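# Structure assessment
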Amino acid sequence: TGSKELDLAVAGALGNVTSSSDLDTLLKMLDQEVSEKQVKSLQSSVIQVLDASEGNSSTEVLRGFSSAGHKSNWFPVLAALEDPEALNQLGNYLENGSEAEKQSAVAALSNWRDGSSIPLLYSAATSKQTEEIRSQAFRAYLKQVVVSDHTEDQKLLLIKRILPYLKGTDEKKMVIRSAST
């Protein structure tokens, strides 16, 4: 009702009115939220603060993540850090997490801002994951390859590398589209 709508509006606006000095508070709020809409709004607000921050906040975020109760709420924030330790943490959840954590990890890795997530996504797309995770990782792998700063030849080699693992006509079409971009 009104209270939930107000909470959602506030969570969505926090990124516009907070600064890096408020990061710790935002992270605590992110870890306490259970409503999916509020979590997404808070994730967006935290990422806005990180992007606007002058300094590197990786240490603070990773410290908060290590003691977090709702770790998957943090996955998109870890992806925004572009930090090797954050990538390692997401890789651990992709390999050893619950099905929901694996899905959240793939989603976060698909939004990684540089090509660092490509090897993890390739591994998930070519390993013995459930078909849902494998398919999600396959699409994320292609997306990351296409938007990466690799040369066109390197991109084609990365796309060619996944060809033996194609399953179905839809994936073949995705590969053809990816190779032509």
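Predicted, not measured: the structure shown is a model, and the values here were computed from it. (Residues numbered from 1 in each chain as written. Predicted model: local features only at pLDDT ≥ 70, side-chain atom pairs only at ≥ 80, totals over all residues. Heavy atoms only, no water.)

### Some remarks on the side chain of Gln-129
With respect to the helices and strands, Gln-129 occurs in the loop between α8 (118-125) and α9 (131-147). You can call Gln-129 buried: its relative accessible area is 18%. A polar atom in the side chain of Gln-129 sits 3.3 Å from the side chain of Lys-102. For Gln-129, the residues in contact, after removing those within four places along its chain, are Leu-94, Lys-102, Ala-124 and Arg-134. (Helix = DSSP H or I, 4+ residues; strand = E, 2+ residues; numbered from the N terminus. Buried < 20%, exposed > 50% of the residue type's maximum accessible area, 1.4 Å probe, protein only. Polar contact = N/O pair within 3.5 Å; in protein donor to acceptor, adjacent residues only side chain to side chain. Contact = heavy atoms within 4.5 Å.)

### Here's the deal with the environment of Asp-83
Position of Asp-83 relative to the elements: it lies in the loop between α5 (75-81) and α6 (84-96). Each C-alpha atom, one on Asp-83 and one on Leu-62, is 9.5 Å from the other, the two residues being 21 residues apart in sequence. Sequence-distant contacts of Asp-83, defined by excluding residues within four places in its chain, comprise Ser-58, Leu-62 and Trp-112.

### Side note on the nonpolar core
By size, the foremost hydrophobic cluster in this structure holds 48 residues, and its most contacted members are Val-61, Phe-75, Leu-78, Leu-90, Tyr-141 and Leu-142. The contact partners of Val-61, leaving out residues within four places of it in the chain, are Leu-23, Leu-27, Leu-50, Trp-74, Val-77, Leu-78 and Leu-81. (Core = buried A, V, L, I, M, F, W, Y, C linked by side-chain atoms within 4.5 Å.)

### Points about unusual backbone geometry
Backbone phi values are negative for most residues with the exception of glycine, while trans is the configuration of most peptide bonds. For Glu-82, which is not glycine, the phi dihedral falls at a positive 55°. With respect to the helices and strands, Glu-82 occurs in the loop between α5 and α6. Note on Glu-82: relative accessible area 35%, which makes it partly exposed.

### Some thoughts on the pattern of salt bridges
Summed over the entire model, instances satisfying the criterion amount to five salt bridges. In this structure, the salt-bridge partner of Lys-28 is Asp-24, at a minimum N-O distance of 3.2 Å. Of this pair, Lys-28 and Asp-24 both sit in helix α2 (residues 23-32), separated by four residues, roughly a single helical turn. By relative accessible area, which is 37% here, Asp-24 ends up partly exposed. Between Lys-167 and Glu-131 there is a salt bridge, with the nearest N and O atoms lying 3.6 Å from each other. (Salt bridge = Lys/Arg side-chain N within 4 Å of Asp/Glu carboxyl O.)

### Some words on the packing of aromatic side chains
Aromatic ring pairs are described here by two measures, namely the spacing of the ring centres and the angle between the planes. For the coordinates displayed, the defined rule picks out six aromatic pairs. When the ring of Tyr-122 is compared with that of Tyr-141, the centres are 5.6 Å apart and the planes differ by 50°; the resulting orientation is tilted. Of this pair, Tyr-122 sits in helix α8 while Tyr-141 sits in helix α9; the two residues are 19 residues apart in sequence, bridging distant segments of the chain. Tyr-141 shares its class with Tyr-122; the two are buried. Measuring from centroid to centroid gives 6.1 Å for Tyr-122 and Tyr-165, while their planes differ by 90°, and the two rings are edge-to-face. Note that Tyr-122 is positioned in helix α8 and Tyr-165 in the loop between α10 (152-162) and α11 (169-179), a separation of 43 residues in sequence. Taken together, Phe-65, Trp-74, Phe-75 and Tyr-93 form an aromatic cluster joined through their ring pairs. Against the face of Tyr-122 rests Arg-161, its NZ or CZ located 3.7 Å from the ring centre. (Phe/Tyr/Trp six-rings, centres within 6.5 Å; stacked < 30°, edge-to-face > 60°. Lys NZ or Arg CZ within 6 Å of the ring centre and 35° of its normal.)

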